[in-house]
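Per-entry structural report
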Amino acid sequence: MDVASHTVTNLIIFVLALYVGYHVVWNVTPALHTPLMAVTNAISAIVIVGAMLAAALTDTTLGRVMGTAAVALAAVNVFGGFLVTRRMLEMFRKKERRTSPAATADSGS
Amino acid sequence: MSLNLVTMLYLVASVCFIQALKGLSHPTTSIRGNIYGMAGMAIAMVTTGVLIARLISDAGTGATLLLTGLVVGGGIGTVMAQRVAMTRMPELVAFMHSMIGLAAVFIAIAAVAEPHAFAIAPRSMPIPTGNRLELMLGALIGAITFSGSVIAFGKLSGKYKFRLFSGSPVQFPGQHLVNLALALGAVSLGAVFLTNESWPAFFGVVAIAFVLGVLIIIPIGGADMPVVVSMLNSYSGFAAAGIGFSLNNPMLIIAGSLVGSSGAILSYIMCRAMNRSFISVILGGFGGEAITASSDAGQRAVRSGSADDAAFILGNAETVILVPGYGLAVARAQHAVKELAAKLAERGVTVKYAIHPVAGRMPGHMNVLLAEAEVPYDQVFEMDEVNGEFGQTDVVVVLGANDVVNPAAHTPGSAIYGMPILEASRARTVIVNKRSMAAGYAGLDNELFYMDKTMMVFGDAKKTVEEMVKALDQV
């Protein structure tokens, strides 16, 4: 029997991941839709993996320039995306601390 | 490190990304989710780094280039994340979409130039047809995402004089035909690239995609930007998935399709909240018609009052719901509103915030703006949660919102008929703060403003709310 081609395997992964994404994202609370968008930006920066291969493993100038530029562009999102998400989520957390001032006082002493 | 181990570590990273999204189901779990996301990204990057170290022939140059890109990009990203104002989040997100799009294009170019570096094809052998198709699709989606996001960024920031960046839609006769012709051109050039792997055809496709990205976004009006930003979010995910297909990397496919479905769902939610079909937003229908404001606005009598009057009514209420709109954020009145809510709570008044899905410039924007002003999130309610309560509410305060509380949504034949709204008109008393009687985005007159139980308080949101806070002390 023939082995299924790469493309078919990839298609299976693609469809299943879409399905997982659909169910996970509907569970995201609407209050956190902006952080969701920021963190998905960071996650789609996973193309940095391809960019790293391009920057390091190519030998022509074209390949290297493209690879290095792509690493830089994706890195903006990796760092920017996760950090700005964190910044936003911290804002949502602050209030919980405020409601338990005793705990904060304890940790301070 | 064997390739099997690399693939397993990529699987771990993929699971981390799913966890990152799952954590966002509640504010308390969200920070842990974000840490999962960072861990997943770190695993993916370190694994790739080790893999590269094993394969690399010219270690010095390759590593230098890689680290330079990483440091420069990472530095810029870090600074932006720390400095950006929360009102500017939509622009930042649009900017970040464009980064992904352009990165996808660059990677595709590098892959076409040197497929052996990505193990797509042995050195000096042609790329298999399947991979050619995938590379081309990745580059195409990436290019559309890039140029579309640049236009969206310009429209959102509203600072640039450039006509394509203005909030009002750009339309010209035969627009759809031009788009169709360009798309057909891209398809035929794509076919050429598939048969003979020619560079001109590849660059032709990319160039057409850049133009298409611009043409798709310019006819969409400023009011529809929440949909556009969500849609481009989805595109950027699919661009990543496309690169994953061409590089045969399941992790890229998984991460990309997670993002793709996330963006698609957000677009759907935004479209539903604005009562228009996805197709009509994409084809640039509604935004254009919206400017036709009804001419009798401002001529009918409204009951207007001062901030003191409003404070008096609020002081005697038992339950109050605040309805913030984007006008509130523009006036930077979030802190003043929070103070007002605190003052009312001190007097034993139950205060809730009601948020319409399109209250801000992107999904969930208003929630972030309120969170920044340190409004506790358990006082903030989504439309579906709070709509049943308006009937039992003494006072509703509408701050810088218009269409989202317009009862015309219940009138068949109205332009916004069927749009889900916050039922502010059901409350016993309604206080509306606006700068003027100007119509909202939909260009419609708002019956709510003319009701007997409504009191209009004109003026800048921040100043008015601050006056209410002061006046409350004297009630």
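Residues numbered from 1 in each chain as written. Chains lettered and ligands numbered in written order. Predicted model: local features only at pLDDT ≥ 70, side-chain atom pairs only at ≥ 80, totals over all residues. Heavy atoms only, no water.

Here we take up the layout of surface pockets. Where empty space is left can be seen by rolling a probe of water-molecule size over the atoms. Taken as a whole, the second largest pocket spans an internal volume of roughly 650 Å³. If you go around the second largest pocket, you meet 30 residues; those closest to its centre are Leu 53 of chain A together with Leu 3, Leu 51, Phe 118 and Ala 119 of chain B. Residue contributions to the lining of the second largest pocket peak at five residues, all from helix 1 (residues 3-23) of chain B. (1 Å grid on protein atoms, 1.4 Å probe; cavity = no way out; pocket = protein on both sides within 12 Å on 5 of 7 lines; lining within 4 Å. Points joined across faces, edges and corners; volume = space filled by probe spheres on them. Helix = DSSP H or I, 4+ residues; strand = E, 2+ residues; numbered from the N terminus.)

What follows deals with empty space enclosed by the protein. Under the definition given, this model contains two cavities of 30 Å³ or more. Computed from the structure, the largest cavity encloses a volume of approximately 40 Å³. Lining of the largest cavity is provided by Ala 31 and Phe 92 of chain A together with Asn 367, Leu 370, Ala 371, Val 375, Tyr 377 and Val 380 of chain B. Class assignment of the residues belonging to the lining of the largest cavity gives a composition of seven nonpolar, one polar and no charged. (Nonpolar A, V, L, I, M, F, W, Y, C, P; charged D, E, K, R; others polar.)

Once that is clear, we can look at the nonpolar core. Among the nonpolar cores identified, the biggest contains 195 residues, and Ile 48 of chain A together with Met 89, Phe 118 and Val 323 of chain B are the most heavily contacted of them. The element that contributes the greatest number of residues to this core is helix 4 (residues 89-113) of chain B, accounting for 18 residues. (Core = buried A, V, L, I, M, F, W, Y, C linked by side-chain atoms within 4.5 Å. Buried < 20%, exposed > 50% of the residue type's maximum accessible area, 1.4 Å probe, protein only.)

Here we take up the interface of chain B and chain A. Between chain B and chain A, the contact holds 106 residues from the first and 82 residues from the second. Interface area for chain B against chain A, summed over the two sides, is near 8400 Å², with a carbon-plus-sulfur share of 78%. Inspection of the chain B/chain A interface yields zero salt bridges. For the interface between chain B and chain A, the tally reads 14 residue pairs in polar contact (both at pLDDT 80 or more). Going through the elements one at a time, helix 1, helix 2 (27-55), helix 3 (59-83), helix 4, helix 8 (225-246), helix 9 (250-273) and helix 15 (365-372) of chain B are the ones with two or more residues in the side of chain B that touches chain A. For the side of chain B that touches chain A, a count of residues per class yields 67 nonpolar, 30 polar and nine charged. (Contact = heavy atoms within 4.5 Å. Buried area = accessible area lost by both parts, 1.4 Å probe. Salt bridge = Lys/Arg side-chain N within 4 Å of Asp/Glu carboxyl O. Polar contact = N/O pair within 3.5 Å; in protein donor to acceptor, adjacent residues only side chain to side chain.)

Residue and element names in this part refer to chain B. In the structure shown here, the tally under the stated rule is ten aromatic pairs over all chains. When the centroid spacing of 5.7 Å and the interplanar angle of 80 degrees are considered together, the rings of Phe 146 and Phe 210 count as edge-to-face. On the criterion of sequence distance, the pair formed by Phe 146 in helix 5 (residues 129-157) and Phe 210 in helix 7 (residues 199-217) is long-range, its members being 64 residues apart. Judged by centre distance (5.2 Å) and plane angle (20 degrees), the ring pair of Trp 199 and Phe 203 falls under stacked. Here Phe 203 and Trp 199 lie together in helix 7, a separation of four residues that amounts to about one turn. (Phe/Tyr/Trp six-rings, centres within 6.5 Å; stacked < 30°, edge-to-face > 60°.)

This part is about the environment of Glu 91 of chain B. Residues and elements named next belong to chain B. Tracing the backbone through its elements, the reader meets Glu 91 in helix 4. Relative accessible area serves as the criterion here: at 6%, Glu 91 is assigned to the buried category. Distance from Glu 91 to Phe 153, taken between C-alpha atoms, is 5.2 Å for residues 62 residues apart in sequence. Setting aside residues up to four positions removed in sequence, Glu 91 forms contacts with Phe 153, Leu 156 and Ser 157.

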